[in-house]
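# Residue-level structural notes
Listed below, chain by chain, are the residues.
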Protein chains: 2
Amino acid sequence: MNVSRASITRISHYRRVIFKLKSLGFQRVFSDNLGDALGISSVQVRKDFSEFGLTGNKKGGYQINEIIVDLDRILGKDMLRKVVVVGCGRMGKTLMSYSGFSGEGIKVVAGFDADPANIDPEGRIPIMDVLEMPDYIRKEKIQIAILTVPEHAAPTALEQLKNMGIKGILNFAPVQADSNPNCEIRNINIALELENMFYFVNAPE
Amino acid sequence: MNVSRASITRISHYRRVIFKLKSLGFQRVFSDNLGDALGISSVQVRKDFSEFGLTGNKKGGYQINEIIVDLDRILGKDMLRKVVVVGCGRMGKTLMSYSGFSGEGIKVVAGFDADPANIDPEGRIPIMDVLEMPDYIRKEKIQIAILTVPEHAAPTALEQLKNMGIKGILNFAPVQADSNPNCEIRNINIALELENMFYFVNAPE
């Protein structure tokens, strides 16, 4: 199946909205509801759903309990969603304790750092020496890492993570890293985002 | 001038690379150098530069000192680059002390929070009551805010920031917010990024 990142992002948003509707006691949801919530057309919603083999009927809508199971399967939520944090400075520790993950079923299971001062194997989420990482990743079958090392350490860390078989990296280091067929990398460069925004705000009309 | 976000992002990357070359003592840079550093063609580099009116010649390359001034002007770096952080919980405080901003000439000048326990007007970067925000933003001519409030507080905060005349918001709250002609919003939803990545990693071929 060949799907775009945009359609997967919409699927995630649908799930978030549908989950809230469920908590409000809703039993069905209509493509019009979801279109309104996301600011898109109901045609797009039905197109996305049919692309992933999700069925409803125009009058009856989609059964919420069924659709959540389907969306979770599409998003891999029914699988283990363990991640590690590589680089446990301030940003790394903030993400280790980030409350927004649990609602998505994502769990930071360990942190790794090269600085002995940051290592804390007895912590609520253990922080281990980076040398222990290859073993841990293999044993715990970790697929995805969050990279929060300083800029100078990023190229080596990226290389090592790929060599360890990590399949996805959310990269907060200010280094542009490219995905390859074995490893999907998403770069979140906060300074760059702000910089671009200053441009847009001050751009001549 | 109508430019794409992608070309502005490349301009930011060019500047970062050129800045490093300058610190290595380089005086000139060639489109081939920049193409290699970004993994794109030199044709694209020259196209971007000419789109923004930057000139060099194929043999002589671009003068680094001149090009940095030009790129800074394009990126608005010669202007004041003050931002505020709205919501001073753990993520907000981490971004207030984020070391990656200073290299880009961005300065977090204040934080705002609704919780008296978080307020610290005497801090290195002051954290003030959110009620003081409208006055501060007007007086200090703040254009851009980083939003790090919890999900439940995000819709109101977004509305208030727009009403205060904020022109750009980097939104870390897990709420999808849309730009409008008066306010450019970039959503950084960390949990959603991870969620999408789990999908891609586990997607059937």
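Residues numbered from 1 in each chain as written. Chains lettered and ligands numbered in written order. Predicted model: local features only at pLDDT ≥ 70, side-chain atom pairs only at ≥ 80, totals over all residues. Heavy atoms only, no water.

Attention shifts here to the environment of Gly56 of chain B. Residues and elements named next belong to chain B. By the secondary structure assignment, Gly56 is in the loop between helix H3 (42-51) and strand S2 (62-63). Measuring from C-alpha to C-alpha, the distance between Gly56 and Arg28 comes to 9.9 Å, with 28 residues separating the pair along the chain. With sequence-adjacent residues up to four places away left out, Gly56 is seen in contact with Gly61 and Tyr62. (Helix = DSSP H or I, 4+ residues; strand = E, 2+ residues; numbered from the N terminus. Contact = heavy atoms within 4.5 Å.)

With respect to topology, six strands assemble into an open sheet ordered S5-S4-S3-S6-S7-S8 (chain B), the strand pairing being parallel. In the strand order of this sheet, the two ends are held by strand S5 (127-129) and strand S8 (184-187) of chain B, each with one partner. When strand polarity is set aside, the average angle formed by the axes of neighbouring strands in this sheet is 25°. Pairing of strand S4 (residues 107-113) of chain B with S5 of chain B involves three bridges; the strand directions are parallel. Looking across to S5 of chain B, one finds that Phe112 of chain B is bridged to Met128 of chain B. Sheet strands touched by helix H8 (residues 190-202) of chain A: strand S3 (82-86), strand S6 (144-147), strand S7 (168-171) and S8 of chain B. Its angle to S7 of chain B, the strand with the most contacts, is close to 160°. (Pairing = 2+ DSSP bridges. Axes fitted to C-alpha atoms, helices over the stretch in contact; angles between N-to-C directions.)

Contacts between chain B and chain A engage 59 residues on the former and 59 residues on the latter. When the two sides are added together, the surface that chain B and chain A hide from each other amounts to roughly 5,700 Å², 66% of it contributed by carbon and sulfur. Where chain B touches chain A, the interface holds four salt bridges. Lys20 of chain A serves as the salt-bridge partner of Glu151 of chain B, at 2.6 Å between the closest nitrogen and oxygen. Taken together, the connections running from chain B to chain A amount to 13 residue pairs in polar contact (both at pLDDT 80 or more). Class assignment for the residues of the side of chain B that touches chain A results in 31 nonpolar, 11 polar and 17 charged. (Buried area = accessible area lost by both parts, 1.4 Å probe. Salt bridge = Lys/Arg side-chain N within 4 Å of Asp/Glu carboxyl O. Polar contact = N/O pair within 3.5 Å; in protein donor to acceptor, adjacent residues only side chain to side chain. Nonpolar A, V, L, I, M, F, W, Y, C, P; charged D, E, K, R; others polar.)

What follows is about the nonpolar core. Counting residues in each nonpolar core, the largest one holds 46 residues, and the members touching the most others are Phe101, Ile146 and Ile190 of chain A together with Phe101, Ile146 and Ile190 of chain B. Counting residues per element, the ones that place at least two in this core are strand S3 (82-86), helix H5 (90-96), strand S6 (144-147) and H8 of chain A together with S3, helix H5 (90-96), S6 and helix H8 (190-202) of chain B. With sequence-adjacent residues up to four places away left out, Phe101 of chain B is seen in contact with Ile190, Ala191 and Leu194 of chain A together with Leu95, Ile106, Val108 and Ile146 of chain B. (Core = buried A, V, L, I, M, F, W, Y, C linked by side-chain atoms within 4.5 Å. Buried < 20%, exposed > 50% of the residue type's maximum accessible area, 1.4 Å probe, protein only.)

With that out of the way, let us pick up the state of the cysteines. Considering all chains together, one arrives at zero disulfides over all chains under this definition. Left unpaired, Cys183 of chain A is separated from the closest cysteine sulfur, that of Cys88 of chain A, by 19 Å. (Disulfide = S-S within 2.5 Å.)

Here we take up the pattern of salt bridges. All names here are of chain B. Applying the stated criterion across every chain yields a total of 16 salt bridges over all chains. Note that Arg10 and Asp48 form a salt bridge whose closest N and O atoms lie 2.6 Å from each other. Residue Arg10 is located in helix H1 (residues 5-23), and its partner Asp48 is located in helix H3; the two are separated by 38 residues in the primary sequence.

Together, Arg90 and Lys93 of chain A together with Arg90 and Lys93 of chain B make up a positively charged patch on the protein surface. Listing elements by their share of the positive patch, those giving two or more residues are H5 of chain A together with H5 of chain B. Position of Lys93 of chain A among the secondary structure elements: in helix H5. Residue Lys93 of chain A is classed as partly exposed on the basis of its relative accessible area of 30%. (Patch = residues over 30% accessible without salt bridge, like charges linked within 9 Å, V, L, I, M, F, W, Y side chains within 5 Å. Areas by Shrake-Rupley, 256 points an atom, 1.4 Å probe, with all protein chains shown as cover. Lys, Arg positive; Asp, Glu negative; His and termini not counted. Charge placed at Lys NZ, Arg CZ, Asp CG, Glu CD.)

Let us now look at the packing of helix H1 (residues 5-23) of chain A against helix H2 (residues 31-38) of chain A. Residue and element names in this part refer to chain A. In the contact formed by H1 and H2, the axes pass within 10 Å of each other and the chain directions differ by 110°. On the basis of their axis angle, the class for H1 and H2 is roughly perpendicular. Only Leu34, Ala37 and Leu38 of H2 make contact with H1, whose side of the interface consists of Arg10, His13, Tyr14, Val17 and Ile18. Across the contact of H1 with H2, the residue classes tally to six nonpolar, one polar and one charged. (Parallel < 35°, antiparallel > 145°, perpendicular 65-115°, else oblique.)

Predicted confidence across chain A gives a mean pLDDT of 89, with 95% of residues reaching 70 or more. Here the complex is predicted with pTM 0.72, and the ipTM for its interfaces comes to 0.71. (pLDDT = per-residue confidence, 0-100.)

Turning next to H8 of chain A. Look at H8 of chain A: 19 Å from first C-alpha to last across 13 residues, which is about the 18 Å you get at 1.5 Å a residue. Buried residues of H8 of chain A: Ile190, Ala191, Leu192, Leu194, Glu195, Asn196, Met197, Phe198, Tyr199 and Val201 of chain A, and no others. (Expected span 1.5 Å × (residues − 1).)

Bringing unusual backbone geometry into the picture now. Despite not being glycine, Lys141 of chain A has its phi angle at roughly 55°, a positive value. With respect to the helices, strands and loops of the structure, Lys141 of chain A is situated in the loop between helix H6 (133-139) and S6.

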